[in-house]
Amino acid sequence: MTEMTVRRAFVPSPNIAQLKESATIAVSARAKALRAAGRRVIDLGAGEPDFDTPEFIRRAAQRAIDAGATRYTATEGILPLREAIATLANADYRGDDRVTPGDIVVSTGSKQSLFNACFVLFGPGDEVLIPTPSWTSYYEMVALARAEPVPVLGDPANGLKVTAAALAAAATPATKGVMLNSPCNPTGAVYDRAELESILALAEERGWWVISDEIYRRIAYAGVATSILEVASSRDRVILVDGVAKAYAMTGWRIGWAIAPRAVAQAMGALQSHSTSNAAAVSQHAAVAALTDRGAAEPSIAHMVGEFERRRDAALAMLAGEPGIGVIPPDGAFYLFLDVSGTRGNSRNGAGAAFAQHLLERHDVAVVPGAAFYTPDWVRLSYAAPLDQVVTGVQRTVAAFREMKS
Ligand code: GLU
């Protein structure tokens, strides 16, 4: 008898039946690969600040390594970091149930906190409302929890923001939660106090969970954006997710967190204890410096936001001359969301995908197709790149639009 090797095809588990690769990360990877192959690609796809982590934070990390911050920490994170997070949160929150370190779980980037929150709150048969467009991973995270993501399209006349009425219209008895994000990735729209209040009132009335992703909160051009904690009178149904990645230019350090009702925080911690355990110890110490040395942190945030604003203004001025491209003037984050439905190109994934491909292949500029955000006729352009690259990138975007105009 001869031995036979039987090769079996990979049949994915039902856990990932619907899973798509992250389009934001895929675009960045493609831009890097083209650069490595010698193409001079301008990467306006990546959603990360192009600034160095401020020196006072880097030094704190170096000191922490030398002091022995090289081992496991508690799964939920070191106490000084959770205390610093609680102190900042309580400056916003007026309710009686003050935020304490026990309500906080530090994670490997805010992405992990968002995933953990979806996984412990939602399950089969549940529907979760997602104001649309929204960051690509919300839809996937809800689906990974085997719940149903329900995109609720925002109002184009109001920065593509959703209203409480639109959410109410999309709700069913199966609705269990809503994912908020202000400033919004990919539009840069900022929800004001009244808008958040009315959405929160609806969620309270219906008993929905509110997951509020505030990772871009400090990157807002008319001052710090309103936090859900500033309008909430109780935290019973609120999970706030934030991190150091954007405000402190610390994407690679991978530190995020969730502030949640105690029982939810404990469930998220238990889940995390079986996946990644604690976030990197040295990164947690760096984050303590970022959050506690306000005298050093505030000027560096102000500098970065000022630069983003200059780039935004330059890009908007150029786009004003091309009325065929619809633009939402962003009040925060560092993205321009462009309506390219006036182009001829089309693909399975909408006009945005055909446009993004043309722009990359013919003009060496990477942007993210809007299909990633459930709005296929748009593209997202990140201006987290040096001003000269943003200017050249927008010039080429306009040129590509003229070539493809219908
Ligand atoms: N949030 C960023 C973006 O939208 C980072 C990439 C990612 O994790 O998706 O580009």
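Remarks on the nonpolar core
Inference 1: Counting 88 residues, the largest nonpolar core has L81, L167, I228, V244, Y248 and W257 as its most contacted members.
Inference 2: With seven residues, helix α11 (residues 294-319) is the largest single contributor of residues to this core.
Inference 3: With residues up to four places along the chain from it excluded, the contact list for I228 reads L180, L196, L200, V210, S212, E214, V238 and L240.
Inference 4: Listed in part, the 24 residues of the second largest apolar core include A117, L121, Y138 and V264.

Quick word on the site of the ligand
Inference 1: Neighbouring the ligand are S22, T24, I25, G47, K111, W135, N185, Y216, K246, Y335 and R380.
Inference 2: G47 places a main-chain nitrogen or oxygen 3.2 Å from an oxygen atom of the ligand.
Inference 3: Separating an oxygen atom of the ligand from a side-chain N or O atom of R380 is a distance of 2.9 Å.
Inference 4: Looking at the shell around the ligand residue by residue, the class counts come to four nonpolar, four polar and three charged.

Section: the environment of N278
Inference 1: Mapped onto the fold, N278 is located in the loop between α9 (262-273) and α10 (281-292).
Inference 2: Between the C-alpha atoms of N278 and A74, which are 204 residues apart in sequence, the distance is 6.2 Å.
Inference 3: In contact with N278, other than residues within four places in its own chain, are Y72, T73, A74, T75 and Q284.
Inference 4: A distance of 3.2 Å separates a polar atom in the side chain of N278 from the backbone nitrogen of T73.

A word on the packing of helix α3 (residues 79-92) against α10
Inference 1: For the pair α3 and α10, interaxial distance at closest approach is 9 Å and the crossing angle is 30°. By the angle between their directions, the pair α3 and α10 is classed as roughly parallel. Viewed along their axes, α3 and α10 form a crossing whose handedness is left-handed. Taking contact as the criterion, the partners of P80, L81, A84, I85 and L88 in α3 are, on α10, Q284, A287, V288, L291 and T292.
Inference 2: Its residues placed into classes, the contact of α3 with α10 shows eight nonpolar, two polar and no charged.

So, the packing of aromatic side chains
Inference 1: The tally for this structure, following the rule as stated, stands at ten aromatic pairs.
Inference 2: Aromatic side chains F115 and F119 sit 5.3 Å apart centroid to centroid with 20° between the ring planes, which places their arrangement in the stacked category. Of this pair, F115 and F119 both sit in helix α4 (residues 110-121), separated by four residues, roughly a single helical turn.
Inference 3: By relative accessible area, which is 25% here, F115 ends up partly exposed.
Inference 4: For R237, the ring lying beneath its charged end belongs to W209, and the centroid distance is 3.9 Å.

Comments concerning the pairing of strand β4 (residues 148-153)
Taken residue by residue, a regular strand's side chains alternate between the two faces of the sheet.
Inference 1: Sheet topology places strand β3 (residues 127-132) next to β4; six bridges connect them, and they run parallel. Within β4, the residue paired with I130 across the bridge is P151.
Inference 2: A crossover connection joins β3 to the parallel β4 through helix α5 (residues 136-144); in handedness this β-α-β unit is right-handed.

Some words on the side chain of S382
Inference 1: Its location among the elements puts S382 in strand β13 (residues 378-382).
Inference 2: Polar contacts involving the side chain of S382 include one to the main-chain carbonyl oxygen of A46, which spans 2.8 Å.
Inference 3: Among the polar contacts listed, one links the side chain of S382 to the backbone nitrogen of A384, at a separation of 3.2 Å.
Inference 4: Residue contacts for S382: discarding those within four places in its chain leaves L44, G45, A46, F334 and Y335.

Observations concerning the environment of L88
Inference 1: Topologically, L88 is positioned in helix α3.
Inference 2: The sequence separation of L88 and V99 amounts to eleven residues, and the corresponding C-alpha distance is 9.5 Å.

Scoring rules and cut-offs
- Residues numbered from 1 in each chain as written.
- Predicted model: local features only at pLDDT ≥ 70, side-chain atom pairs only at ≥ 80, totals over all residues.
- Heavy atoms only, no water.
- Core = buried A, V, L, I, M, F, W, Y, C linked by side-chain atoms within 4.5 Å.
- Buried < 20%, exposed > 50% of the residue type's maximum accessible area, 1.4 Å probe, protein only.
- Helix = DSSP H or I, 4+ residues; strand = E, 2+ residues; numbered from the N terminus.
- Contact = heavy atoms within 4.5 Å.
- Near = heavy atom within 4 Å.
- Polar contact = N/O pair within 3.5 Å; in protein donor to acceptor, adjacent residues only side chain to side chain.
- Nonpolar A, V, L, I, M, F, W, Y, C, P; charged D, E, K, R; others polar.
- Axes fitted to C-alpha atoms, helices over the stretch in contact; angles between N-to-C directions.
- Parallel < 35°, antiparallel > 145°, perpendicular 65-115°, else oblique.
- Left-handed = near helix turned anticlockwise from the far one by under 90°.
- Phe/Tyr/Trp six-rings, centres within 6.5 Å; stacked < 30°, edge-to-face > 60°.
- Lys NZ or Arg CZ within 6 Å of the ring centre and 35° of its normal.
- Pairing = 2+ DSSP bridges.
- Right-handed = clockwise from strand over helix to strand, strands pointing away.

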